[in-house]
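These are the residues of each chain, in order.
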Amino acid sequence: MTTVDGRAVAESGPSGSSSPPGSSPGSGNHGRPAGTASRPSRAGRNLPAAIGVGILLGAVILVPLFTLRVIFVGVISAAMALGTHEVVRAIRLTQVRVPLLPLVAGAAAMPVVAYADGTTGLLLTLAGTIGVAALVRAFGPSTGLLRDVAGAAFVAGYIGFPAGFAALLTEPSDGRWRVVAFLGTVVASDVGGYTAGVLSGGRHKMAPTVSPGKSWEGFAGSAVTCVIVAGIVLAWPLEAEAWQGVLLGLAVACTATIGDLGESLLKRDIGIKDMSSLLPGHGGLMDRLDSLLCTAPVAWLLITSFLN
């Protein structure tokens, strides 16, 4: 392993990289960041650090959500800016010249615009972010221009755009609880999958070439816990039907898993273990956001359809 910009990089390339710490439900291969002295758990995760960081992140999210929703949207924007910075730095390791500043600014703006102006503003901000990033890149070398613009479009659509749907969930009068339904179900996917994967040994691998620790046993645990949590939150205090909670839970179990596998595939292709070492026991911020970002548009669509 070598180190680039503070990240561990597999010398053998993508095939030699391992699953990230704090990765998806059921993953049994959670490596710990370099320099962490604490002994990892049986699943490889530094549990004391992971739990402590998880509690802190929960407080950063829930306190503004239940006090002043504008601040909550600001927290989302700040997280998207940091996540975009992580992904751009990682992509640049592959010699793809993705412009940083317009993508960071666009990722921070999209949740704010979505909260203020809805889906129309969100789509326009996405288009504007990609357009400005393409213009900035056009002033650089002509070699690889289309590749770099495609990379910029990917980053904008991968991070800032789905985060806008999390901001949209807060708009109705019961928006706080809609966000809780979304976040709580994704967290349930991680906790249930992690627990089931560890207890079962994760013998039946889901995608061994992408995330060797992810198992079908872990996915089953994710689905069960997602259905339970979504059913409870949608029934109380949102007063939805029981079948709607089951549907949301199953959908989140799928999208959260896809989000985690997608980020694992991206990191394996780049040849890195974590997006960064920002969060002890978890890796980078994007190692926590991957499942949330993939789930946000689906959760917004389902919850809005159920309750409006």
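Residues numbered from 1 in each chain as written. Predicted model: local features only at pLDDT ≥ 70, side-chain atom pairs only at ≥ 80, totals over all residues. Heavy atoms only, no water.

Comments concerning the nonpolar core
Inference 1: Counting residues in hydrophobic clusters, the biggest one holds 62 residues, and the most contacted among them are M80, L103, I159, F182, L248 and M286.
Inference 2: Broken down by secondary-structure element, the contributors of at least two residues to this core are α1 (47-65), α2 (69-92), α3 (100-138), α4 (145-168), α5 (175-200), α6 (216-235), α7 (242-270) and α8 (286-307).
Inference 3: By residue number, the principal contributor to this core is α4, which donates ten residues. (Core = buried A, V, L, I, M, F, W, Y, C linked by side-chain atoms within 4.5 Å. Buried < 20%, exposed > 50% of the residue type's maximum accessible area, 1.4 Å probe, protein only. Helix = DSSP H or I, 4+ residues; strand = E, 2+ residues; numbered from the N terminus.)

So, the side chain of T129
Inference 1: Examined against the element boundaries, T129 turns out to sit in helix α3.
Inference 2: Classification of T129 as buried rests on a relative accessible area of 6%.

Points about the pattern of salt bridges
Inference 1: Evaluated as defined, the whole model comprises eight salt bridges.
Inference 2: One salt bridge connects K214 with D260, and the closest N-O pair in it is separated by 3.3 Å. Separated by 46 residues along the polypeptide, K214 in strand β4 (residues 211-215) and D260 in helix α7 bring together distant segments of the chain.
Inference 3: For D260, a relative accessible area of 1% puts it in the buried group.
Inference 4: A salt bridge links E263 to K267; the nearest nitrogen and oxygen atoms lie 3.5 Å apart. Taken together, the residues E263 and K267, both in helix α7 and four residues apart, mark about one turn of the helix.
Inference 5: On the basis of relative accessible area, E263 is assigned to the buried category, the value being 0%.
Inference 6: A cluster of three or more residues bridged by salt bridges with shared partners is formed by R97, R137, R147 and D148. (Salt bridge = Lys/Arg side-chain N within 4 Å of Asp/Glu carboxyl O.)

Points about the packing of aromatic side chains
Inference 1: If you walk through the whole model with that rule in mind, you get seven aromatic pairs.
Inference 2: An angle of 15° between the planes, with centres 5.2 Å apart, marks the rings of F154 and Y158 as stacked. Taken together, the residues span about one helical turn, with F154 and Y158 both in helix α4 at a distance of four residues.
Inference 3: For F154, a relative accessible area of 36% corresponds to the partly exposed category.
Inference 4: Residue Y158 is classed as buried on the basis of its relative accessible area of 17%.
Inference 5: Ring centres of F161 and F165 lie 5.3 Å apart, and the angle between their planes is 90°; this geometry places the pair in the edge-to-face category. Of the two residues, F161 and F165 are both situated in helix α4; the distance of four residues between them amounts to about one turn of the helix.
Inference 6: A residue is classified by how much of its surface remains accessible, and F165, at 10% relative accessible area, is buried. (Phe/Tyr/Trp six-rings, centres within 6.5 Å; stacked < 30°, edge-to-face > 60°.)

What about the environment of V132?
Inference 1: Relative to the helices and strands, V132 is located in helix α3.
Inference 2: The spatial distance from the C-alpha of V132 to the C-alpha of L103 is 8.6 Å, given a sequence separation of 29 residues.

Examining a nonpolar patch on the surface
Inference 1: Side chains of L62, F66, W177 and W236 sit close together on the surface and give an oily, nonpolar patch of about 430 Å² of accessible area.
Inference 2: On the secondary structure map, F66 appears in the loop between α1 and α2.
Inference 3: Given a relative accessible area of 36%, F66 falls into the partly exposed group. (Patch = residues over 30% accessible without salt bridge, like charges linked within 9 Å, V, L, I, M, F, W, Y side chains within 5 Å. Areas by Shrake-Rupley, 256 points an atom, 1.4 Å probe, with all protein chains shown as cover.)

Focus on the packing of α2 against α4
Inference 1: Closest axis-to-axis distance for the α2/α4 pair is 10 Å, and the angle between their directions is 165°. With respect to their mutual orientation, α2 and α4 come out roughly antiparallel. The element α2 and its partner α4 pack so that their crossing is right-handed. Packed against α2, whose contacting residues are V73, I76, M80, G83, T84, V87, V88 and I91, the element α4 presents F154, V155, I159, A163, A166 and A167 at the interface. (Axes fitted to C-alpha atoms, helices over the stretch in contact; angles between N-to-C directions. Parallel < 35°, antiparallel > 145°, perpendicular 65-115°, else oblique. Left-handed = near helix turned anticlockwise from the far one by under 90°. Contact = heavy atoms within 4.5 Å.)

Quick look at the packing of α2 against α3
Inference 1: Two elements in contact, α2 and α3, have axes whose closest approach is 8 Å; the angle formed by their N-to-C orientations is 155°. Comparing the axis directions of α2 and α3 gives the class roughly antiparallel. The chirality of how α2 crosses α3 is right-handed. Along the contact surface, α2 presents R69, V70, V73, I76, S77, M80, A81, T84, H85, V88 and R92, while α3 presents L100, L103, V104, A107, A108, P111, V112 and Y115.
Inference 2: Taken together, the residues that form the contact of α2 with α3 break down as 14 nonpolar, three polar and two charged. (Nonpolar A, V, L, I, M, F, W, Y, C, P; charged D, E, K, R; others polar.)

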